[in-house]
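This is what each chain is made of:
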Amino acid sequence: MNFADSELVAGILHSEGYGFTSEPEEADLVFINTCAIREHAEEKIWQRLKYFQSLKRRRPHLIIGVLGCMAERLRKKLIEEAPVVDMVVGPDSYRHLPQLIRQVEGGTKAIHTLLSREETYADIAPLRLSPHRVSAYISIMRGCNNMCSFCIVPFTRGRERSRSWQTIVEEARHLADAGYKEITLLGQNVDSYNDNGVRFAQLLATVAEAVPEAWIRFATSHPKDMLDEVLEVMASYPNLTPYIHLPVQSGSNTVLQRMNRGYTAEWYLQRIETIRRYLPEAVISTDIIVGFCGETEAEFQDTLALMRAARFDSVYQFMYSERPGTLAARRYADDIPPTVKQARLEAVIALAQTLALESNTRQVGTMQTVLLEKPARRNPQDMAGRTFSGRAVIVREAASQYAPGDKIPVKITEATSATLIGYAAHEHPLCA
Ligand code: SAH
Ligand code: SF4
């Protein structure tokens, strides 16, 4: 989501005549787009600001702006504690960037962190920053109306609002015309998308029809809101990819209640069953928080049990990090010792790897259509890509014959917990 927001900011500045460089040493203006979801994300920014301070000593005219959720959360404090910062701009204030830059050029620091109930940046053309021009994001909504007790997002990104479906379809068409092969629709809770009665299932179907040549993905689905209608639509369009990111957070009903997630473990597992019924090839990933306030060993074991029952293909795991002002920070003590959080995180990682390896091993011997993204990091003769369902694949010795953006049939010969490995197979019917 931050990557998509950075493209939006680059688009706004581009239309004002600014040029983009990815080398901080060359820039006259540096924006740091920040996350506030965990303390660690913010610590990294404080470190980064020290680097920009050294840069500014050498180039005093350099303007430094902090954008995004950390800007929204800390506001004036950022400028007070890091004098190197000239601008602090929240996620709903990017339209004001040109005038805020002029304010700084005039010698005054600038802060704009008002949240909006309407801003969706629907009319702004993002400047695409990914070097390979294969995949692109479209933000379909902003903010979040849920109040998960651990989460800072509703405070930093404001109320939920949906972008007009027409502008989403136009942007998708524009991307496909520009050669993009894969489009990901983004929202904190896509299932509550609602543009004057047009809901997510209808939006998905409309986008799928508008760009039949592109693979369409989306994130994030919320277990309490995901409708069968969305699964039905996914099953009926050949370019809607069977990939669902369905964050569960915990497998314990008492923890889920304290987290204010609005579902039980049983409900969640039912949703998984329904997904696998509609989409037998679905890849399902999740987010898990360990060491949430008061999490007992038995509650933690429920999370491991749910992971096994759900047979997740992939898991993103986090240690609970208390965020000031959230419901959990006000209501509960952050009382799980760091060593216990760490041990639980490691147990989740170990089980997730076992499940991922099982899931990937089931693909060995199959033929998959793979969208090639870029040369592989380890061996640039190989190429990295993804299957239709979103599994990472390394295609051996593909770089001399194929380019990023090619969709090719691949015979899967090996699997690790992180990736599939295979060879390009010629004249396979899926390639036609
Ligand atoms: N809207 C998405 C998640 C957005 S945040 C959803 O509802 O699932 C991405 C992930 O960060 C969350 O799923 C959660 O696992 C993690 N996260 C959020 N707040 C956190 C916190 N305070 N400590 C640790 N992890 C957190
Ligand atoms: Fe945060 Fe919950 Fe909203 Fe996701 S749904 S962004 S976890 S409040």
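All values derive from a computational prediction rather than experimental measurement.

Calculation criteria
- Residues numbered from 1 in each chain as written.
- Chains lettered and ligands numbered in written order.
- Predicted model: local features only at pLDDT ≥ 70, side-chain atom pairs only at ≥ 80, totals over all residues.
- Heavy atoms only, no water.
- Domains from an automatic or database assignment.
- Contact = heavy atoms within 4.5 Å.
- Buried area = accessible area lost by both parts, 1.4 Å probe.
- Salt bridge = Lys/Arg side-chain N within 4 Å of Asp/Glu carboxyl O.
- Polar contact = N/O pair within 3.5 Å; in protein donor to acceptor, adjacent residues only side chain to side chain.
- Helix = DSSP H or I, 4+ residues; strand = E, 2+ residues; numbered from the N terminus.
- 1 Å grid on protein atoms, 1.4 Å probe; cavity = no way out; pocket = protein on both sides within 12 Å on 5 of 7 lines; lining within 4 Å.
- Points joined across faces, edges and corners; volume = space filled by probe spheres on them.
- Nonpolar A, V, L, I, M, F, W, Y, C, P; charged D, E, K, R; others polar.
- Buried < 20%, exposed > 50% of the residue type's maximum accessible area, 1.4 Å probe, protein only.
- Near = heavy atom within 4 Å.
- Areas by Shrake-Rupley, 256 points an atom, 1.4 Å probe, with all protein chains shown as cover.
- Core = buried A, V, L, I, M, F, W, Y, C linked by side-chain atoms within 4.5 Å.
- Expected span 1.5 Å × (residues − 1).
- Phe/Tyr/Trp six-rings, centres within 6.5 Å; stacked < 30°, edge-to-face > 60°.

Enquirer: Outline the domain arrangement of the protein, supporting the account with residue identities and numerical values.
Expert: In terms of domain boundaries, the protein breaks down into domain 1 (2-112), domain 2 (135-361) and domain 3 (367-431). With 21 residues of domain 2 at the contact, the number on the domain 3 side is 18 residues. When residues of domain 2 are sorted by the area they lose upon contact with domain 3, Lys181, Trp215 and Asn360 head the list and together hold 45% of the total. Summed over the shared surface of domain 2 and domain 3, the number is 1 salt bridge. Close ionic contact of Arg391 with Asp313 constitutes a salt bridge, the shortest N to O distance being 3.7 Å. Remark: the boundary between domain 2 and domain 3 carries 7 residue pairs in polar contact (both at pLDDT 80 or more). Secondary structure elements with two or more residues in the side of domain 2 that touches domain 3: strand E11 (215-219) and helix H14 (338-361).

Enquirer: Give me empty space enclosed by the protein: which residues, what numbers.
Expert: Rolled over the atoms, a probe sized like a water molecule indicates the empty space that remains. Across all of its chains, the model carries 2 cavities of 30 Å³ or more by this definition. In this structure, the largest cavity occupies an estimated 110 Å³ of space. Sorting the residues of the lining of the largest cavity by element identifies helix H1 (2-14) and strand E5 (135-139) as the ones contributing at least two each. Ranked by residue count, the leading element in the lining of the largest cavity is H1, at 4 residues. Of the residues contributing to the lining of the largest cavity, the split by class is 7 nonpolar, 2 polar and 6 charged. Shared between two domains, the lining of the largest cavity holds at least three residues of each, these being domain 1 (2-112) and domain 2 (135-361).

Enquirer: Explain the pattern of salt bridges to me, using residue names and the numbers behind them.
Expert: One pass over the structure, following the stated rule, counts 30 salt bridges. For Arg173, the salt bridge identified is with Glu213, shortest N-O distance 2.8 Å. Within this pair, whereas Arg173 is found in helix H7 (residues 165-177), its partner Glu213 is found in the loop between helix H8 (200-210) and E11, the two being separated by 40 residues in sequence. Accessibility expressed as a relative area gives 38% for Glu213, which makes it partly exposed. Look at the salt bridges and you will find they share partners, linking Asp5, Asp92, Arg142, Arg157 and Arg161 into a network.

Enquirer: A description of the site of ligand 1 should follow, citing residues and the corresponding values.
Expert: Surveying the vicinity of ligand 1 reveals 15 residues, the closest of which are Gln188, Pro247, Gln249, Asp287 and Ser321. A distance of 3.2 Å is found between an oxygen atom of ligand 1 and a side-chain nitrogen or oxygen belonging to Arg261. Measuring from a nitrogen atom of ligand 1, one finds a backbone N or O atom of Ser321 at 2.8 Å. When the free accessible area of ligand 1 is taken as 540 Å², the share hidden by the protein chains comes to 90%.

Enquirer: Quick rundown of the environment of Tyr51? Include the residues and the values.
Expert: Tracing the backbone shows Tyr51 in helix H2 (residues 39-58). Distance in space between the C-alpha atoms of Tyr51 and Val153 is 27 Å, their sequence separation being 102 residues. Non-local contacts of Tyr51, meaning those with residues more than four positions away in its chain, are made with Pro24 and Glu25. Within polar-contact distance, the side chain of Tyr51 engages the side chain of Glu25 at 2.6 Å.

Enquirer: Would you mind going over the nonpolar core in detail, with residue names and values included?
Expert: In terms of nonpolar packing, the biggest core is built from 59 residues, with Ile140, Leu185, Phe200, Leu204, Met307 and Phe312 touching the most fellow members. Sorting elements by how many residues they give to this core places H8 first, with 8 residues. Those residues in contact with Leu204 that lie beyond four places of it in its chain are Leu185, Ile216, Phe218, Val230, Val233, Met234 and Leu240. Counting 19 residues, the second largest nonpolar core, distinct from the first, contains Val30, Met70, Ala71 and Ala82.

Enquirer: Residue-level account of H1, with values.
Expert: Taking 1.5 Å per residue, 13 residues should reach 18 Å; H1 reaches 18 Å between its end C-alpha atoms and fits that length. Those residues of H1 lying buried are Ala4, Asp5, Glu7, Leu8, Val9, Ala10, Gly11, Ile12 and Leu13.

Enquirer: How would you sum up the packing of aromatic side chains? Please name residues and give values.
Expert: Applying the stated criterion across every chain yields a total of 10 aromatic pairs. With a centroid separation of 6.4 Å and 80° between ring planes, the pair formed by Phe150 and Phe292 is classed as edge-to-face. Remark: Phe292 occurs in the loop between strand E13 (283-290) and helix H12 (297-310) and Phe150 occurs in the loop between strand E6 (141-142) and helix H6 (153-157); sequence separation between them is 142 residues. Looking at Phe150, the relative accessible area reads 11%, which means it is buried. Ring centres 6.1 Å apart and planes at 35° place the aromatic pair Tyr263 and Tyr268 in the tilted group. In this structure, Tyr263 and Tyr268 share a single accessibility class: buried. Taken together, Phe150, Phe292, Tyr320 and Tyr332 form an aromatic cluster joined through their ring pairs.

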